[in-house]
Amino acid sequence: MRIIVDADSCPKQARTFLEKTALRLNIPLEYAANHDIPFFTQNNLFSMTLCPQTEGAADDYIVSKATKEDLVVTRDIPLAQRLVHAGVTVINDRGTVFTAQNVSEMLEERELKLQMQALGVTPKNTWHSYGKKESSAFAVTLDRTLTQLMK
C-alpha cells in the first residue's frame with residue numbers, strides 16, 4: 001500500500017498532512033507531477049516522480065502505477081474517474097471520496113460548467129480557497145480511508 005498524490009494542484013496544507021500521516025503510519029508517499037514538488041520533511045518513504053511536460057502525462061503515470069491497494073489523492077475529476085473504474089481508492093484534498101456514482105455526476109457538472117463558461121454565462125475563474133474547513137475535512141477523510149484500506 002502507498003499514497004500517490006497528483007501533486008500539481010495539491011495545496012501545501014494537504015501535502016503537509018499527507019507527509020505527517022505517511023510517517024505516522026509508515027506508508028510510502030509518492031508525488032507525481034510535471035514539475036518538482038518539494039517535500040517538507042525528507043524521508044526514505046517519500047518519492048517524487050517527474051513526468052513529461054505533455055498534457056496528461058502525470059495522469060497517465062498515476063493510472064499506470066496505482067493498484068487497488070493504493071490511495072490516490074487528486075482534484076482531477078477525469079483522472080479520478082479512470083482510477084475509480086480501475087478499482088483504485090481515490091479522494092480529493094477537500095475530503096471527498098470518489099465513487100463510481102459521484103465521479104460521473106461530478107464529471108457531468110464539470111462539463112456543464114465548462115460549456116457555460118465558453119458561452120460567457122459564468123466567470124472563468126471561480127477560485128475557491130483552501131482553509132481550515134477544507135483541510136479538516138481532508139484530514140478526517142484521509143484517516144478514515146487509510147484505516148479502511150489497511151484492514
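None of the values given here were measured: they were computed from a predicted structure.

Engineer: Help me out: how do you make sense of the overall build of the protein in this one?
Structural biologist: Counting its regular elements, the protein contains 5 helices and 6 strands. Along its sequence from the N terminus, the protein presents helices and strands in the succession β-α-β-β-α-β-α-β-β-α-α. Taken over the C-alpha atoms alone, the protein extends approximately 50 × 30 × 30 Å along its principal axes. A total of 151 residues make up the protein; the buried ones form 40% of that total. The long-range fraction of contacts in the protein, counting pairs at least 24 apart against all pairs at least 6 apart in sequence, stands at 51%. One finds the centroid of the 17 positive side-chain charges in the protein at a distance of 6 Å from the centroid of its 18 negative side-chain charges.

Engineer: Would you mind going over the side chain of glutamate 30 with me for this structure?
Structural biologist: If you trace the backbone, glutamate 30 turns up in strand E2 (residues 29–33). Classification of glutamate 30 as buried rests on a relative accessible area of 5%. Only 3.1 Å separates the side chain of glutamate 30 from the side chain of arginine 2, close enough to count as a polar contact. Looking at glutamate 30, its side chain comes within polar contact range of the side chain of threonine 49, at 2.5 Å.

Engineer: Would you explain the packing of aromatic side chains in this entry?
Structural biologist: What describes a pair of aromatic rings is the distance from one ring centre to the other and the angle between the planes of the rings. Applying the stated criterion to the full structure yields 3 aromatic pairs. For the ring pair tyrosine 31 and phenylalanine 39, a centre distance of 4.3 Å and an interplane angle of 15 degrees mean the geometry is stacked. Phenylalanine 39 gets classed as buried once you look at its relative accessible area, which sits at 13%. A network of ring pairs unites the aromatic residues Tyr31, Phe39 and Phe46 as a single cluster.

Engineer: How should the packing of helix H1 (residues 12–25) against helix H5 (residues 132–149) be read in this particular structure?
Structural biologist: When two helices pack together, their arrangement is given by the angle between their axes and by how far apart the axes lie. Direction vectors running N to C along H1 and H5 enclose 30 degrees, while the axes themselves pass 10 Å from each other. Relative to H5, the element H1 is oriented roughly parallel. Read as a crossing pair, H1 and H5 show a hand that is right-handed. Between H1 and H5, the contacting residues are Gln13, Ala14, Phe17, Leu18, Thr21, Arg24 and Leu25 on the first element and Ser135, Phe138, Ala139, Leu142, Asp143 and Leu146 on the second. Per-class residue counts for the contact of H1 with H5 are 8 nonpolar, 3 polar and 2 charged.

Engineer: Before we go on, may I ask you to explain the layout of surface pockets in this structure?
Structural biologist: By volume, the second largest pocket is sized at about 150 Å³. Lining of the second largest pocket is provided by Asp6, Asp8, Asn34, Pro52, Gln53, Thr54, Glu55, Gly56, Ala57, Ala58, Asp59 and Asp76. Take the lining of the second largest pocket: its biggest share by element is 3 residues, from helix H2 (residues 57–65). Residue composition of the lining of the second largest pocket, by class: 3 nonpolar, 4 polar and 5 charged.

Engineer: I'm lost on the packing of H2 against helix H3 (residues 77–85) in this one. Help?
Structural biologist: For the pair H2 and H3, the least separation of the axes is 10 Å and the interaxial angle reads 15 degrees. Judged by the inter-axis angle, H2 sits roughly parallel to H3. At the point where H2 passes H3, the crossing takes the right-handed sense. Note on element contacts: H3 touches H2 through Leu79, Arg82 and Leu83, opposite Asp59, Asp60, Ile62 and Val63.

Cut-offs and rules
Residues numbered from 1 in each chain as written. Predicted model: local features only at pLDDT ≥ 70, side-chain atom pairs only at ≥ 80, totals over all residues. Heavy atoms only, no water. Helix = DSSP H or I, 4+ residues; strand = E, 2+ residues; numbered from the N terminus. Buried < 20%, exposed > 50% of the residue type's maximum accessible area, 1.4 Å probe, protein only. Contact = heavy atoms within 4.5 Å. Lys, Arg positive; Asp, Glu negative; His and termini not counted. Charge placed at Lys NZ, Arg CZ, Asp CG, Glu CD. Polar contact = N/O pair within 3.5 Å; in protein donor to acceptor, adjacent residues only side chain to side chain. Phe/Tyr/Trp six-rings, centres within 6.5 Å; stacked < 30°, edge-to-face > 60°. Axes fitted to C-alpha atoms, helices over the stretch in contact; angles between N-to-C directions. Parallel < 35°, antiparallel > 145°, perpendicular 65-115°, else oblique. Left-handed = near helix turned anticlockwise from the far one by under 90°. Nonpolar A, V, L, I, M, F, W, Y, C, P; charged D, E, K, R; others polar. 1 Å grid on protein atoms, 1.4 Å probe; cavity = no way out; pocket = protein on both sides within 12 Å on 5 of 7 lines; lining within 4 Å. Points joined across faces, edges and corners; volume = space filled by probe spheres on them.

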